[in-house]
Amino acid sequence: MSDVTPWSEVFSVLGEATLGTLYMVLISTLLAVLGGLPLGVLLHLSSPVGLNPKPVLYRVLGVVVDVVRSVPFVVLLVVLASFTRLLIGTSIGSTAVIVPLTIGAVPFFARLTQNALREVSFTVVEAAITTGSSRLRIVWTVLLGEARAALVGAVGVTAVALIGYAAMAGAIGGGGLGTTAIQDGYQGYDDRLLYGSVVVLAVLAFAMQLITDLTAKLVDRRRVAAG
């Protein structure tokens with residue numbers, strides 16, 4: 001049985017692990033938005049209620065998105081290990097985990113984007129069409145503009161989910177708080193590191209959700225108009 005980590009070292013260990021988790025989550029969230037936003041827009045535009053319905057394209061994209069989303073993240077870690085090793089040079093560590101985190105999050109954020117765009121009033125879109133606005137302008141100023149609060153909320157949901165996924169990666173040496181909790185805390189019989197990691201993960205998730213909720217309220221056009 002391992003000796004319990006002194007309190008003087010616990011905060012140092014948790015601080016370093018927190019930075020590792022934030023690194024994984026923030027980078028993968030950014031990449032998920034960059035990849036998932038255009039994919040979600042394409043899903044919406046090609047859907048039966050979109051500006052340019054394309055049934056075949058919509059079904060193909062929908063199947064790919066749903067298949068990737070249905071794969072448990074732990075399984076995705078294992079399946080993508082060879083690809084990650086080819087791309088990064090290793091399948092272990094915080095940087096390596098960003099690859100499966102991003103691949104798993106892109107379709108997740110794409111669906112959230114599609115749902116957000118679907119909620120935009122068709123009356124607003126129709127008004128833009130009657131004024132002769134181009135499709136690109138309608139997407140940028142009307143669809144994305146009207147759905148911006150929901151999209152910010154989608155970023156928050158994605159980031160919180162990725163905090164959990166990043167913690168799961170600790171089971172195979174993914175780094176961050178997950179590794180500290182599982183390998184150093186649970187397997188090392190160190191309750192201070194185990195429960196400390198859990199508390200920090202909970203705080204990170206709460207803070208991420210709070211920040212995005214406040215940001216969504218600030219950019220919500222309906223609240224701005226009411227004010």
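How each quantity is defined
Residues numbered from 1 in each chain as written. Predicted model: local features only at pLDDT ≥ 70, side-chain atom pairs only at ≥ 80, totals over all residues. Heavy atoms only, no water. UniProt positions renumbered as here; feature names shortened; annotations may be inferred. Helix = DSSP H or I, 4+ residues; strand = E, 2+ residues; numbered from the N terminus. Buried < 20%, exposed > 50% of the residue type's maximum accessible area, 1.4 Å probe, protein only. Contact = heavy atoms within 4.5 Å. Axes fitted to C-alpha atoms, helices over the stretch in contact; angles between N-to-C directions. Parallel < 35°, antiparallel > 145°, perpendicular 65-115°, else oblique. Left-handed = near helix turned anticlockwise from the far one by under 90°. Nonpolar A, V, L, I, M, F, W, Y, C, P; charged D, E, K, R; others polar. Patch = residues over 30% accessible without salt bridge, like charges linked within 9 Å, V, L, I, M, F, W, Y side chains within 5 Å. Areas by Shrake-Rupley, 256 points an atom, 1.4 Å probe, with all protein chains shown as cover. Salt bridge = Lys/Arg side-chain N within 4 Å of Asp/Glu carboxyl O. Core = buried A, V, L, I, M, F, W, Y, C linked by side-chain atoms within 4.5 Å. Phe/Tyr/Trp six-rings, centres within 6.5 Å; stacked < 30°, edge-to-face > 60°.

Participant: Looking at this structure, how should I read the UniProt feature "transmembrane region" (unreviewed entry) in the protein?
Facilitator: When the UniProt feature table is mapped to this numbering, "transmembrane region" (unreviewed entry) covers residues 20-45, 57-80, 86-110, 149-173 and 193-212. Between the end C-alpha atoms of residues 20-45 there is a gap of 37 Å, over a span that is 100% helix and 0% strand. Helix makes up 80% of residues 149-173 and strand 0%. Its end C-alpha atoms lie 36 Å apart.

Participant: Just checking my understanding: could you explain the environment of I172 for this structure?
Facilitator: Structurally, I172 is set in the loop between α8 (148-168) and α9 (176-186). On the accessibility criterion, I172 (43% relative accessible area) is partly exposed. Expressed as a C-alpha distance, the spacing of I172 and P72, which sit 100 residues apart in the sequence, is 15 Å. Not counting residues within four places of it along the chain, the set of residues in contact with I172 comprises L77, I92 and Q183.

Participant: Looking at this structure, I do not really get the side chain of T113. What am I missing?
Facilitator: Counting through the fold element by element, T113 comes out in helix α5 (residues 94-118). Those residues in contact with T113 that lie beyond four places of it in its chain are G36, L37, G40, V41 and L151.

Participant: Where do I start with the packing of helix α6 (residues 122-130) against helix α7 (residues 135-146) in this structure?
Facilitator: Angle between the axes and distance between the axes: these two values describe a pair of packed helices. Between α6 and α7, the least distance of the axes is 10 Å, while the angle of their chain directions is 165 degrees. As far as their axial angle goes, α7 and α6 are roughly antiparallel. Helix-helix and strand crossings are classified by hand; for α6 and α7 the assignment is right-handed. Taking contact as the criterion, the partners of V124, V125, A128 and I129 in α6 are, on α7, I138, V142, L143 and E146.

Participant: How do you make sense of unusual backbone geometry when you look at a structure like this?
Facilitator: Peptide bonds are, in most cases, trans, and in most cases residues other than glycine have a negative phi. Residues other than glycine seldom take positive phi values, yet Y189 does so here, at roughly 55 degrees. When you line up the elements, Y189 lands in the loop between α9 and α10 (191-219). By relative accessible area, Y189 is classed as exposed at 53%.

Participant: Sorry, what's going on with the packing of helix α4 (residues 81-88) against α5 here?
Facilitator: At a minimum axis separation of 9 Å, α4 and α5 run at an interaxial angle of 125 degrees. With respect to each other, α4 and α5 are oriented oblique. Where α4 crosses over α5, the handedness of that crossing is right-handed. Along the contact surface, α4 presents F83, T84, L87 and I88, while α5 presents T95, A96, V99, P100 and I103. Class assignment for the residues of the contact of α4 with α5 results in seven nonpolar, two polar and no charged.

Participant: Help me out: how do you make sense of a nonpolar patch on the surface in this one?
Facilitator: Together, Y23, I27, L30, L31 and L34 make up an exposed nonpolar region whose accessible area comes to about 450 Å². Structurally, the position occupied by L34 is in helix α1 (residues 7-46).

Participant: Explanation requested: the nonpolar core in the structure shown.
Facilitator: Nonpolar side chains tend toward joint burial in soluble globular proteins. Residues M24, V25, F73, L101, I163 and L177 are the most contacted members of the largest nonpolar core, which totals 27 residues. Discounting chain neighbours no more than four positions away, the residues touching F73 are P100, L101, Y165, M168 and A169. Counting residues in each nonpolar core, the second largest holds 14 residues, with V41, A128, V139 and V142 among its members.

Participant: What exactly am I supposed to notice about the packing of aromatic side chains here?
Facilitator: To describe a pair of aromatic rings, one takes the distance between the centres and the angle between the planes. For the structure shown, the criterion picks out two aromatic pairs. Seen from their ring centres, F73 and Y165 are 5.0 Å apart, and the 15 degrees between their planes marks the pair as stacked. Taken together, the residues span a long stretch of sequence, with F73 in helix α3 (residues 73-79) and Y165 in helix α8 at a distance of 92 residues.

Participant: Just checking my understanding: could you explain the UniProt feature "domain: ABC transmembrane type-1" (unreviewed entry) in the protein for this structure?
Facilitator: The residues that UniProt annotates with the feature "domain: ABC transmembrane type-1" (unreviewed entry) are residues 18-216. Helix makes up 82% of residues 18-216 and strand 0%, and the two end C-alpha atoms of the span are 25 Å apart.

Participant: Any chance you could explain the pattern of salt bridges here in plain terms?
Facilitator: A pair can form between side chains of opposite charge whenever their charged atoms are brought close. Going through the model one piece at a time under the given rule, you end up with two salt bridges. With a closest N to O distance of 3.5 Å, R69 and D66 form a salt bridge. Residue R69 and its partner D66 are both found in helix α2 (residues 55-70); the two are separated by three residues, about one turn of the helix. The exposure class assigned to R69 is partly exposed, which follows from its relative accessible area of 40%. For D66, the salt bridge goes to R111, with nearest N and O atoms at 3.1 Å. Remark: R111 occurs in helix α5 and D66 occurs in helix α2; sequence separation between them is 45 residues. The class for D66 is partly exposed, based on a relative accessible area of 35%.

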